[in-house]
Amino acid sequence: MKWSWRIGRIAGIAIRVHVTFPLFLLWIGLRDGQGATAAAFAVGAMLALFTIVLLHELGHALMARRFGIATRDITLLPIGGLARLERMPREPRQELLIALAGPAVNLLLALGFGALLIATGGPRSLVEFDLLRRLGAPAVGHVILAELVAVNVGLILFNLLPAFPMDGGRVLRALLAMWSQDHLVATRRATLVGRLFAAAFVAYGLFASAPNLVLIGLFVWLAGSGEASAVATEAALERTRVAQFMMTEFRTVDPADPLGAVADLVIAGAQQDFPVLADGVYVGMLGRADLVRGLREGGADATVATAMATRGPVVTVTDHPEAALAALHDAGGRAVAVLRDGTVAGLLTTENLAEYLLLRRSVT
Ligand SMILES: [Zn+2]
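Bear in mind that the values here come from a model prediction, so they are computed numbers and not experimental data.

Student: Just give me the short version of the domain arrangement of the protein chain, but keep the residues and values in it.
Tutor: Looking at the assigned domains, one finds that the protein chain contains domain 1 (4-239) and domain 2 (243-363). Distance between the C-alpha centres of domain 1 and domain 2: 52 Å. Of the residues lining the interface, five residues belong to domain 1; the matching set on domain 2 comes to five residues. Contact with domain 2 buries surface across domain 1, with T233, L237 and E238 losing the most and accounting together for 76% of the total. Where domain 1 meets domain 2, there are zero salt bridges. Inspection of the region where domain 1 meets domain 2 yields zero residue pairs in polar contact (both at pLDDT 80 or more). When the residues that make up the side of domain 1 that touches domain 2 are grouped by side-chain class, the tally is two nonpolar, one polar and two charged.

Structure follows, in structure tokens:
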């Protein structure tokens, strides 16, 4: 994430702090009307809160690791923490467990601090605590422990709101995906619910002048929309076949053709790479670099056969875009022949795959 510093590494995961975070602490500390002790206490409380948020994010990251998903980094922002997983699991059960692992950490912390509160002779119930507070009698240590319990319970409740992509929203998507067996439909529905919550956060944040809630609302809206469109693109790519984006207007050459004639074709048209057919059978590809080298070494009368690449990757019309990408990668800068029933039906270049993705993006 831009504008963030790495402050350390826990369990192999980089922990980053966004530049706005220390500014936020400064703002908390320098607010008017509080003495030095109160300011130090306020900053200490924020640091404690963000340690708890960090542990929550580590809960997500370590559960994801169990499913073989690495976490790029965890960034702390004034509005909370963000664990960037390398990818989102497609298995709903995995997404469910990863989403629940964060609040589960808060549950353990709340139980731990609560047990400590009771073990140290603190109040055993909210009613008792409230009574002590009214009498002005609770010990400072007990107040802090009670606040820690309250913060963790608050984080559980807030994170489990079904506002995709917050934890509760991920739980909702996972449940919808289990129920409908359709990742895309589940994502769309969860995003819709998430947007309702986002709008409510912003409206309430403005109404109650809580800037944090406005920022969280905007984040939920933008991050939810971003993830929904990524899922839509992925689903569209899964349905796409090479036949939809291959070049179908192209020239072929014969192994016996002189390179000079091919050079004329390059100059006359836009095509740079030529499939080589011997009696209609695909035998190799003559790339632009092959042509230049062949001309330099053998002159215009040298044949295509002397310069072409005979062993190159091919794809078929029914292959997926991923197969096309892999083949283009292996082709070493040359175009890739697309076969249908053994004959060349199309030509594939990095440019026309990129162009297809670009055009498709602007249509949807
Ligand atoms: Zn979380």
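Having seen it, we continue.
Student: Can you lay out the side chain of H60 for me, pointing to particular residues and giving the numbers?
Tutor: Position of H60 relative to the elements: it lies in helix 2 (residues 36-66). Those residues in contact with H60, other than ones at most four positions away along the chain, are I98, A99, A101, G102, P103 and D167.

Student: Tell me about the sheet that holds strand 7 (residues 314-316), and please be specific about residues and values.
Tutor: Taken in spatial order, the three strands make up an open sheet running 7-8-9, and their pairing is mixed. Bordering the open sheet on either side are strand 7 and strand 9 (343-348), each of which pairs with just one other strand. Across this sheet, the average inter-strand angle for adjacent strands is 35°, counted without regard to direction. Across five bridges, strand 8 (residues 336-340) lies against strand 9 in antiparallel orientation. Note on strand 9: the bridge partner recorded for V336 is L348. Contacting strand 7, strand 8 and strand 9, helix 12 (residues 321-330) crosses the sheet at an angle of about 165° to strand 7.

Student: Give me the layout of surface pockets: which residues, what numbers.
Tutor: Approximately 1,200 Å³ is the volume attributed to the largest pocket. If you trace the largest pocket, you find 39 residues lining it, with E57, I79, G80, G81 and N159 closest to the centre. Among the elements of the structure, helix 2, strand 3 (71-77), strand 4 (80-85), helix 3 (92-119), helix 5 (140-159), helix 6 (167-180) and helix 8 (211-239) are those that each provide at least two residues to the lining of the largest pocket. Residue contributions to the lining of the largest pocket peak at seven residues, all from helix 2. Estimates place the volume of the second largest pocket at around 320 Å³. For the second largest pocket, the lining is made up of 18 residues, of which Q272, D273, G333, T349 and E351 are closest to its centre.

Student: Tell me about the packing of helix 3 against helix 6, residues and numbers included.
Tutor: Interhelical geometry of helix 3 versus helix 6 gives an angle of 160° and a closest axis separation of 8 Å. It follows from the interaxial angle that helix 3 and helix 6 lie roughly antiparallel. Between helix 3 and helix 6 lies a crossing of left-handed hand. In this structure, helix 3 uses P92, R93, E95, L96, A99, L100 and P103 to contact helix 6, whose residues at the interface are D167, R170, V171, R173, A174, L175, A177 and M178. Per-class residue counts for the contact of helix 3 with helix 6 are 10 nonpolar, no polar and five charged.

Student: Explain the sheet that holds strand 4 residue by residue, including any values.
Tutor: Here four strands make up an open sheet; going across it, the order is 1-2-3-4 and the pairing mixed. Edge positions in the sheet fall to strand 1 (4-10) and strand 4, since each has one partner strand and no second. Shown here is a sheet whose adjacent strand axes are inclined to one another by a mean of 25°, direction ignored. With six bridges joining them, strand 1 and strand 2 (residues 13-18) adopt antiparallel strand pairing.

Student: Let's hear about the packing of helix 6 against helix 7 (residues 183-207): which residues, and what values?
Tutor: It is the contact of helix 6 with helix 7, at a shortest axis distance of 8 Å, that shows an interaxial angle of 145°. Here helix 6 runs over helix 7; the crossing is right-handed. The segment helix 6 lies against helix 7, with G169, L172, R173, L176, A177, W179 and S180 engaging H183, A186, T187, R189, A190 and V193. Each residue belonging to the contact of helix 6 with helix 7 can be placed in one class, and the counts come to seven nonpolar, four polar and two charged.

Student: An account of a nonpolar patch on the surface is requested, with residue identities and associated values reported.
Tutor: Together, L23, L26 and L30 give the surface a local cluster of nonpolar side chains, amounting to about 330 Å² of exposed area. By the secondary structure assignment, L30 is in helix 1 (residues 20-30).

Definitions and cut-offs
Residues numbered from 1 in each chain as written. Predicted model: local features only at pLDDT ≥ 70, side-chain atom pairs only at ≥ 80, totals over all residues. Heavy atoms only, no water. Domains from an automatic or database assignment. Contact = heavy atoms within 4.5 Å. Buried area = accessible area lost by both parts, 1.4 Å probe. Salt bridge = Lys/Arg side-chain N within 4 Å of Asp/Glu carboxyl O. Polar contact = N/O pair within 3.5 Å; in protein donor to acceptor, adjacent residues only side chain to side chain. Nonpolar A, V, L, I, M, F, W, Y, C, P; charged D, E, K, R; others polar. Helix = DSSP H or I, 4+ residues; strand = E, 2+ residues; numbered from the N terminus. Pairing = 2+ DSSP bridges. Axes fitted to C-alpha atoms, helices over the stretch in contact; angles between N-to-C directions. 1 Å grid on protein atoms, 1.4 Å probe; cavity = no way out; pocket = protein on both sides within 12 Å on 5 of 7 lines; lining within 4 Å. Points joined across faces, edges and corners; volume = space filled by probe spheres on them. Parallel < 35°, antiparallel > 145°, perpendicular 65-115°, else oblique. Left-handed = near helix turned anticlockwise from the far one by under 90°. Patch = residues over 30% accessible without salt bridge, like charges linked within 9 Å, V, L, I, M, F, W, Y side chains within 5 Å. Areas by Shrake-Rupley, 256 points an atom, 1.4 Å probe, with all protein chains shown as cover.

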